[in-house]
Every structure is written in structure tokens, then in C-alpha cells.
Amino acid sequence: MSFASFADFLAMGTHGAYVWSSYGICLAILLLNVALPVLARRRYLQDEARRLRREESK
């Protein structure tokens, strides 16, 4: 594929909105696949630490 300018590359021959929104959605899903388990692990560790402190104080 050869484009005359960067603007033509972004427009992708009138398919730019579809192409770039597809890339954006894919990137968002990939980021969620990384971020959600990290956040869940952090929340789990905080809950376990809180539970252990509560058990030790009894």
C-alpha cells in the first residue's frame, strides 16, 4: 500500500474511521486484559492482609 500523504494514510481511502476505531477497541481490550487481573490481585492481597491483621488482633 502506498499513500500520497500522511492524511491519506489516516483516511485509509474512506475506511479510516473503521480501521482506526477497530485498532482502538483492540488496544482497549488488550489493556483491560492486563489491568483487570493486576487490580484484582492487588485487591485480593489487601483483603488478605486486612483479614490477617484482624485475626492477629483477636
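That block above? That's the structure.
A brief look at the structure comes next. (Residues numbered from 1 in each chain as written. Predicted model: local features only at pLDDT ≥ 70, side-chain atom pairs only at ≥ 80, totals over all residues. Heavy atoms only, no water.)

## What about the overall build of the protein?
Applicable threshold: Counting from the N terminus, the helices are the DSSP runs of H or I reaching at least four residues and the strands are the DSSP runs of E reaching at least two. The globule rule is 2.2 Å times the number of residues to the power 0.38, and the radius of gyration it is compared with is taken over C-alpha atoms. Here's how the labels work: a residue is buried when its accessible area is under 20% of the maximum for its type, exposed when over 50%, partly exposed in between, all with a 1.4 Å probe on protein chains only. Every accessible area reported is derived by Shrake-Rupley at a probe size of 1.4 Å, with residue values counting cover from the shown protein chains alone. The charge count treats Lys and Arg as positive and Asp and Glu as negative. His and the chain ends do not count. A charged residue contributes its charge at one atom only: NZ of Lys, CZ of Arg, CG of Asp or CD of Glu.
A tally of regular secondary structure across the protein gives two helices and zero strands. Scaling as 2.2 N^0.38, a compact globule of 58 residues should have a C-alpha radius of gyration of about 10 Å, whereas the protein reaches 23 Å, well beyond that. Here the C-alpha coordinates of the protein stretch approximately 75 × 15 × 15 Å along the principal axes. Burial status across the protein gives 3% buried among its 58 residues. As presented, the protein carries roughly 5,300 Å² of accessible surface, and 66% of it is formed by carbon and sulfur atoms. Averaging the locations of the 8 positively and 5 negatively charged side chains of the protein gives two centres separated by 7 Å.

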